[in-house]
Amino acid sequence: MDLRPLVVVGGGIAGVTCAEQLALHFPSRRVLLLTACPLIKAVTNFKQLSKAMEEFDVEEQASSVLESRHANIQVIQSAVRQLESGEHRLCTEDGELYSYEKLCICAGARPKLILAGNPYVLGIRDTDSVQEFQKHLSKAKRVAIVGNGGIALELVYEIEGCEVIWAIKDKAIGNTFFDAGAAEFLVPQLTAENSQAPIACKRTKYTTEGKSGNEQEEEREAEATELGSALGPDWHAGLKLKATKEFLHRVHIETTCEIKKIYLQEEFKQLGEISLAFPDGDKDAKSDAEIWPVYIELTNGKIYGCDFIVSATGVVPNIHLFLSGNNFAIAEDGGLKVDTHMCTSIPDIYAAGDVCTASWEYSPHWQQMRLWTQARQMGWYAAKCMAADICGEPIELDFCFELFAHVTKFFNYKVVLLGKFNAQGLGLNHDLMLRCTKGHEYVKVVMQNGRMMGAVLIGETDLDETFENLILNQMDLSAYGEDLLDPNIDIEDYFD
Ligand code: FAD
C-alpha cells in the first residue's frame with residue numbers, strides 16, 4: 001500500500017466534503033486537508049428533497065471540529081505555494097513539503113473585479129470582504145452595483161438606507177438565472193419599499209456554530225486573507241446591510257451598459273463633466289448638486305456619483321498558484337479542466353468545486369454553474385473517483401450530473417431552476433410556456449419537440465418534483481398542450 005497521504009487543497013465546501021468522504025472510504029489512511037483559511041466550511045443537515053434537489057446548512061467551523069469527527073483527517077492551515085506534480089508533492093507558505101499519493105484541488109474562485117486595486121471598488125467573496133462592504137455601507141448615501149448574477153440580485157434587494165444604481169450589461173435583471181419575463185415579475189418587488197418582514201428562509205443557512213460574538217470576531221480578523229472560502233446561500237442573513245438613511249430602498253437600473261470609466265473626485269472635477277441625480281420616475285434626469293467620492297461613467301454616456309462600487313461580475317478560478325511548472329489543461333473560463341472522473345490533465349490530480357471546469361459531454365439537462373450545491377456534489381464525487389481509482393474499481397458518472405437543479409431564494413421568493421431553465425444551448429428550436437400571477441408565482445417551462453427540457457419556478461408552485469420527473473423521463477407531452485400549466489388541473493395527480 002502507498003503510505004503517502006491523500007491530500008485535499010481547500011477548506012471550502014468542495015474540499016471539506018472531499019476530505020470527509022476520503023476519510024470514510026479509507027479509515028486507516030491519512031487524509032491531509034491543506035487550507036489557507038483558519039476556518040473550514042462544513043455541510044450539515046443535508047436533505048435530499050427529491051431525486052435531484054437538495055438542501056443543507058453550511059457551518060463555518062474550527063478545523064479541530066473536523067479533525068475530531070474524523071480521526072484520520074489532519075487539517076494544515078497554510079496556503080499552498082507550489083505544486084510539484086512530477087514529484088507528487090506540495091510546498092506550503094510556511095515552507096513545509098507534503099507528499100501525496102492522490103491530490104484533489106478545491107481552491108475555489110475569487111471575484112472578477114472591475115479595476116482591481118481601486119479602493120472604491122469592492123468585491124464580495126468571503127466573510128472578510130462582507131465586513132469591508134458593511135463598513136463602507138454604514139456611511140453610504142449611494143452605492144453603485146455592477147453585475148447581473150446571484151450576488152448582485154441579492155445585494156440590490158437586501159441593501160437598505162441608500163440609493164442604489166444598478167448597472168447591468170443585459171436587457172433584463174438576473175440574466176444568469178432568469179429571462180426577461182421572470183425579471184419583470186420580480187422588478188415590482190425590488191422597487192417596492194422593502195419594509196416587509198422577511199419570510200422565514202427555507203433554504204441553506206449560513207451559520208457559525210457555538211461561538212461567542214468575540215470569538216467570531218477574532219476568527220474573522222484572523223481570516224483576513226485573500227484566499228478565504230466563498231460565502232454561500234443566505235450569506236447576508238443576520239447581517240446588517242443598512243446605510244445612512246432610514247427606511248430608504250431606492251433602486252435605479254441602467255440596462256445594456258457597462259462601466260466605461262471610474263473617476264476619483266479630483267479627476268472628475270478636472271473633467272468638467274456633469275453627473276446625474278438619482279432618477280426620479282420618468283422625468284428627465286437632472287444634474288447632481290452633490291459631491292461624491294467616486295464617479296462611474298457608463299457606456300451609455302451617463303455619469304453617476306456614488307460612495308463606492310460593488311463589482312459583482314462573476315468569479316475566476318483560483319488556479320494561478322498551481323500553474324507554474326505544471327502542464328494543466330485550462331478551460332476557456334479559466335478553470336482546471338476535469339473529465340468524468342474529476343481528473344485533471346495531470347496524473348493523480350483531481351479537482352472539484354469552483355476551481356474546476358467540467359469538461360465532458362454533459363447530459364442534455366445539466367450544465368455547470370459555480371454554485372454551493374455543485375461544490376458539494378463535485379467534492380463528494382471526486383472522493384468517490386479517487387477511491388475507485390485507488391481500488392482499481394470502475395465508476396460511473398454520478399446521477400447528480402444528470403439534471404441541473406438549484407433551489408434558492410431571490411427577492412423573498414422561493415426559486416427553483418431545473419434543467420435547461422433558460423433554454424441554454426437549445427438554439428431557436430424550443431417553445432416556452434408561461435403562467436404568471438403577479439406577486440404570487442411565475443412558472444416558465446422550456447419545451448423541445450414536445451418534451452420538457454427545463455423550468456423556472458418562482459413562488460410556492462408545488463410543481464418542483466413533478467417537473468423534475470417530466471424532465472428526467474422525457475415523456476412526450478405534446479398531447480397535453482396548455483393544460484400542462486392550467487392552474488385548475490392538479491398535474492401532480494395527472495402524471496401520477
Ligand atoms: P471556496 O468556498 O471558495 O473554498 C476554497 C478554499 O480553498 C478556501 O478554503 C480557501 O482558503 C482555499 N484555498 C484557496 N487557495 C488556496 C491555496 N493556494 N492553498 C490552500 N488553500 C487555498 N452559491 C449558491 O449555490 N447559492 C447562493 O446563493 C450563493 N451565494 C453566494 C454569495 C456569495 C457572496 C458568494 C461569494 C458565493 C455564493 N455562492 C452561492 C457560490 C458558492 O458559495 C460557491 O460556489 C462555493 O462556495 C464554492 O465552494 P468551493 O469549495 O469550490 O470554493
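Just so we're clear, the structure is a prediction, and the values are computed from it rather than from any experiment.

Cut-offs and rules
Residues numbered from 1 in each chain as written. Predicted model: local features only at pLDDT ≥ 70, side-chain atom pairs only at ≥ 80, totals over all residues. Heavy atoms only, no water. Salt bridge = Lys/Arg side-chain N within 4 Å of Asp/Glu carboxyl O. Helix = DSSP H or I, 4+ residues; strand = E, 2+ residues; numbered from the N terminus. Buried < 20%, exposed > 50% of the residue type's maximum accessible area, 1.4 Å probe, protein only. Contact = heavy atoms within 4.5 Å. Pairing = 2+ DSSP bridges. Axes fitted to C-alpha atoms, helices over the stretch in contact; angles between N-to-C directions. Core = buried A, V, L, I, M, F, W, Y, C linked by side-chain atoms within 4.5 Å. Patch = residues over 30% accessible without salt bridge, like charges linked within 9 Å, V, L, I, M, F, W, Y side chains within 5 Å. Areas by Shrake-Rupley, 256 points an atom, 1.4 Å probe, with all protein chains shown as cover. Lys, Arg positive; Asp, Glu negative; His and termini not counted. Charge placed at Lys NZ, Arg CZ, Asp CG, Glu CD. Parallel < 35°, antiparallel > 145°, perpendicular 65-115°, else oblique. Left-handed = near helix turned anticlockwise from the far one by under 90°. Nonpolar A, V, L, I, M, F, W, Y, C, P; charged D, E, K, R; others polar. Expected span 1.5 Å × (residues − 1).

1. Focus on the pattern of salt bridges
Then, in step 1: Tallied over the entire structure, the rule returns 20 salt bridges.
Then, in step 2: Glu132 is the partner of Lys135 in a salt bridge, and the nearest nitrogen-oxygen pair spans 3.6 Å. Of this pair, Lys135 and Glu132 are both found in helix H3 (residues 127-137), 3 residues apart, which corresponds to roughly one turn of the helix.
Then, in step 3: Given a relative accessible area of 31%, Glu132 falls into the partly exposed group.
Then, in step 4: A single salt-bridge network, built from bridges that share partners, covers Arg142, Glu163, Arg250 and Asp288.

2. Quick word on the side chain of Ser129
Then, in step 1: Here Ser129 is to be found in helix H3.
Then, in step 2: Classification of Ser129 by relative accessible area gives buried; the value is 15%.
Then, in step 3: Look past the residues within four positions of Ser129 in its chain and what remains in contact with it is Gly123 and Ile124.

3. Section: the environment of Gly150
Then, in step 1: Structurally, the position occupied by Gly150 is in helix H4 (residues 150-158).
Then, in step 2: For Gly150, a relative accessible area of 17% corresponds to the buried category.
Then, in step 3: Taking the C-alpha atoms as reference, Gly150 lies 7.1 Å from Gly174; in sequence the two are 24 residues apart.
Then, in step 4: In this structure Gly150 touches Phe177 and Phe410, once residues within four positions along its chain are discounted.

4. Some remarks on the sheet that holds strand S8 (residues 97-99)
Then, in step 1: A sheet is described by the order of its strands in space; here 3 strands give the open sequence S6-S7-S8, paired in antiparallel fashion. For this open sheet the edge positions go to strand S6 (80-84) and S8, each flanked by a neighbour on one side alone. For this sheet, the mean angle separating the axes of adjacent strands, direction not counted, is 20°.
Then, in step 2: With 3 bridges joining them, strand S7 (residues 89-92) and S8 adopt antiparallel strand pairing. Paired with Arg89 across the strands is Ser99, a residue of S8.

5. Focus on the pairing of S6
Two faces, one strand: in a regular strand the side chains alternate between the faces of the sheet.
Then, in step 1: In this structure, S6 lies alongside S7, joined through 4 bridges in antiparallel fashion. Looking across to S7, one finds that Gln82 is bridged to Cys91.
Then, in step 2: Taken together, S6 and the strand that follows it, S7, pair antiparallel across an intervening segment of 4 residues, in which His88 is found at a positive phi of about 55°.

6. Some remarks on the nonpolar core
Then, in step 1: Counting residues in hydrophobic clusters, the biggest one holds 106 residues, and the most contacted among them are Ile105, Ile145, Trp166, Phe178, Met342 and Ile458.
Then, in step 2: Per-element tally for this core: the top contributor is helix H9 (residues 372-391), with 10 residues.
Then, in step 3: Filtering out sequence-adjacent residues up to four positions away, Ile458 remains in contact with Phe178, Ala182, Phe185, Leu186, Tyr413, Lys414, Val415, His440, Glu441 and Tyr442.
Then, in step 4: With 23 residues, the next largest nonpolar core counts Met53, Met447, Leu470 and Leu484 among its residues.

7. Quick notes on the side chain of Arg376
Then, in step 1: One can find Arg376 in helix H9.
Then, in step 2: Residue classification places Arg376 among the buried residues on the basis of a relative accessible area of 11%.
Then, in step 3: Excluding residues within four positions of it along the chain, Arg376 makes contact with Ile13, Thr17, Val43, Phe46, Glu54 and Phe56.

8. Remarks on a negative patch on the surface
Then, in step 1: A surface patch of negative charge is lined by Asp462, Glu465, Asp490, Glu492 and Asp493.
Then, in step 2: The topology assignment puts Glu465 in helix H10 (residues 464-473).

9. Some words on the packing of helix H1 (residues 13-25) against H9
Then, in step 1: Relative orientation of the contacting elements H1 and H9 amounts to 30°, with a least axis distance of 7 Å. By the angle between their axes, H1 is roughly parallel relative to H9. The handedness of the crossing between H1 and H9 is right-handed. Along the contact surface, H1 presents Ile13, Ala14, Thr17, Cys18, Gln21, Leu22 and His25, while H9 presents Trp372, Ala375, Arg376, Gly379, Trp380, Ala382, Ala383, Lys384, Met386 and Ala387.
Then, in step 2: A breakdown of the residues in the contact of H1 with H9 according to their chemical character gives 11 nonpolar, 4 polar and 2 charged.

10. Topic: H9
Then, in step 1: For H9, built from 20 residues, the straight-helix expectation of 28 Å at 1.5 Å per residue is met to within 8% by its first-to-last C-alpha distance of 29 Å.
Then, in step 2: In terms of burial, H9 is largely enclosed, as 15 of its 20 residues are buried.
Then, in step 3: Residue Gly392 follows H9 closely and has a positive phi angle near 65°.

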